[in-house]
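# What the coordinates show
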Amino acid sequence: MRNKLVILSLFIFSLCTTMAQKPSLNRAYNAFANGDYFEAKELIDLCVNDPKLSKKALTYLYKGNIYLYLANHEYEKKREDERYLIRFPDAPVQAYDAFIKTQSMDRQIDAYNILTPDVALPSLYGLLYVYGVDELISERFQSAKNVLEKAIYCYELKTPDLPLHGELYFYYAYTLENLKDAKALSFYEKALHDGSQNPNLFLRLMELYKIEGTPEKSDQLFKKMKQIETQDPALYLAEIDYYFFKKDTVRVKKMLKEVPASIYGNPDLLINVANFYIQLEEYDDAKSYLTRALQYDKENYIILYNLGVCYYYLSEKKFKEYNEMDYSTEMEEITKIKKESKDLLAEAEFYFEKVILKDPDDLNVLNILRSIYGRNDSPKYDDIVKKIESLENK
């Protein structure tokens, strides 16, 4: 008797399990209507995988709606609590694909309390945009491209209720640039025309216009920048770089004297200003900005190397001044200039040696140090010559 009861129990359990897993559009819809989007997802997935139901346009219409509401539900949870982990990040893409599939099967489809593709697709751009940018941040560039293309399609179906002011086009263009796709420039320009005021857009356009060989297009960008009154100091420095490109050193020097105070809190911008001064061979000013930058990052390779360059050329300048002194100059002044040159060279040696600690096989820096050691009759000279020879003979 006991064995019969066990068999009967197993039969009932098996029957219930089979019934629970049987694909049903009605059950999927009911779960959706009750706001249980996770259950609705599981149920509609069964329908999509069913040989008969997968041939019905209604299946994909339901799927599109369920995944759309699921995505909205999860992003709302994330907005309320940053710690919330989205379980189905690709839900916007699943919704998009389902609505497109529905249209391909039946463009006239309609159902009670369900969004049609014509209504739903234009509302999807925001969710697709967020997911696409997340993929971009994760450096999954091909995935980001695919998602953002879908977002653009939805965005352009009608006038958006909440315009993105060029940001969708900007991130799509940036994705294309990372994929080395030549269409990046045209989408950056589209972002501009769509009203983007993103400072990075101006920076990317100026760089690409230089690469393209049409830097004169930047003139229009500067006019646009003035209209939006952006305070981003990086754009100010990009404008200086543009005038460098045009060889307008008068304008460059004037703008360098008027750099915004906000650059002083950013070591990268301080390095950029110093680079402008190095190009002008105004090494004292360059050294001043690099010294400020060094306070933020004492081990930065670029800062250390450029400080070495500045001190080296300042030493050269003093040494030239020393060599050009005639005998009528007082010995005290001659001694003073010679010492200044030597002290500056010692500073150059200090910074170049710090660079070599970071990159022991940098032949360029090793050769500079060989020159310095030779001038100073340094005991380090023989060792560095051997090291250079060993690297060159590899």
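What you are looking at is a predicted structure, and each value in this text was computed from that prediction instead of being measured.

Here the focus is the layout of surface pockets. Within this model, the largest pocket holds a volume of roughly 280 Å³. Contributions of two or more residues to the lining of the largest pocket are made by α11 (199–212), α13 (233–245) and α15 (267–279). Class assignment for the residues of the lining of the largest pocket results in eight nonpolar, four polar and four charged.

The end-to-end C-alpha separation of helix α8 (residues 141–155) is 20 Å, in line with the 21 Å expected for 15 residues at 1.5 Å each. Among the residues of α8, F141, A144, K145, V147, L148, K150, A151, I152, C154 and Y155 are the ones counted as buried.

For L280, the position within the fold is in the loop between α15 and α16 (283–296). A residue is classified by how much of its surface remains accessible, and L280, at 16% relative accessible area, is buried. The sequence separation of L280 and V252 amounts to 28 residues, and the corresponding C-alpha distance is 9.4 Å. For L280, the residues in contact, after removing those within four places along its chain, are F244, T249, V252, K253 and L256.

The next subject is the packing of aromatic side chains. Following the criterion strictly, the structure yields 25 aromatic pairs and no others. For the ring pair Y129 and Y171, a centre distance of 6.2 Å and an interplane angle of 55° mean the geometry is tilted. You can see Y129 sitting in helix α7 (residues 125–137) and its partner Y171 sitting in helix α9 (residues 167–178), a full 42 residues away along the chain. For Y129, a relative accessible area of 17% gives the class buried. Ring geometry for Y172 against F187: centres 4.7 Å apart, planes inclined by 85°, an arrangement best described as edge-to-face.

On to helix α3 (residues 37–48). Across its 12 residues, α3 extends 16 Å between first and last C-alpha, which sits within 8% of the 16 Å expected from 1.5 Å per residue. Of all the residues in α3, the buried ones are Y37, A40, K41, L43, I44, D45, C47 and V48. Residues of α3 that are buried make contact with α2 (25–33) and α4 (57–80).

Under the counting rule described, the total for this entry stands at 22 salt bridges. The salt bridge partner of E299 is K358, with a shortest N-O separation of 3.5 Å. Placement of E299 in the loop between α16 and α17 (301–323) and of K358 in helix α18 (residues 331–358) is noted, with a sequence separation of 59 residues between them. Judged by relative accessible area, which is 45%, E299 ranks as partly exposed. Between K336 and E340 there is a salt bridge, with its nearest N and O atoms 3.0 Å apart. With K336 and E340 both in helix α18 and four residues apart, this pair spans about one turn of that helix. Given a relative accessible area of 41%, K336 falls into the partly exposed group. The exposure class assigned to E340 is partly exposed, which follows from its relative accessible area of 25%.

We now examine the side chain of S196. Residue placement: S196 occurs in the loop between α10 (184–193) and α11. On the accessibility criterion, S196 (1% relative accessible area) is buried.

Before going further, it helps to spend a moment on the packing of α2 against α4. Axes are the key here: two packed helices are described by the angle between their axes and the distance separating the axes. At a minimum axis separation of 11 Å, α2 and α4 run at an interaxial angle of 25°. By the angle between their directions, the pair α2 and α4 is classed as roughly parallel. For the pair α2 and α4, the sense of crossing is left-handed. Mapping the contact onto sequence places L25, A28, Y29 and F32 in α2 and L58, T59, Y62, N65, I66 and Y69 in α4. For the contact of α2 with α4, the residue count by class is eight nonpolar, two polar and no charged.

Rules used throughout
Here, residues in each chain are numbered from 1, in the same order as that chain's written sequence. Per-residue local features of the predicted model are confined to residues with pLDDT of at least 70, and side-chain atom pairs are confined, for both listing and counting, to 80 or more; whole-chain, interface and lining totals are unaffected and use all residues. Values shown for side chains rest on all heavy atoms present in the structure; no hydrogens or waters enter the calculation. Residues are said to line a cavity or pocket when one of their atoms sits within 4 Å of a point; the points come from a 1 Å grid over protein atoms alone, cavities being sets where a 1.4 Å probe fits but cannot get out and pockets being open sets with protein on both sides within 12 Å along at least five of seven lines. Grid points are joined across faces, edges and corners, and a volume is the space filled by probe spheres set on the points. We count a stretch as a helix when DSSP gives it H or I for four or more residues in a row; a strand needs E for two or more, and each element gets its number in order from the N terminus. Classification convention: Asp, Glu, Lys, Arg as charged; Ala, Val, Leu, Ile, Met, Phe, Trp, Tyr, Cys, Pro as nonpolar; all other residues, Gly among them, as polar. In a helix, the anticipated span is given by 1.5 Å times the number of residues less one. Accessible area is worked out with a 1.4 Å probe on protein chains only. A residue is then buried under 20% of its type maximum, exposed over 50%, and partly exposed in between. Contacts are residue-level and defined by heavy atoms, with any inter-residue pair within 4.5 Å sufficient. Centre distance within 6.5 Å is the pairing criterion for rings of Phe, Tyr and Trp, where only the six-membered ring of Trp is used; planes under 30 degrees apart are then read as stacked, over 60 as edge-to-face, and the remainder as tilted. Criterion for a salt bridge: a side-chain nitrogen of Lys or Arg within 4 Å of a carboxyl oxygen of Asp or Glu. For helices, the fitted line uses only the C-alpha atoms of the stretch in contact; every axis is such a line through C-alpha atoms, and the angle between N-to-C directions lies from 0 to 180 degrees. Our angle categories are set so that under 35 degrees counts as roughly parallel, over 145 as roughly antiparallel, 65 to 115 as roughly perpendicular, and the remainder as oblique. Here a crossing is taken to be left-handed if its near helix is turned anticlockwise relative to the far helix by less than a right angle, and right-handed if that turn runs clockwise.

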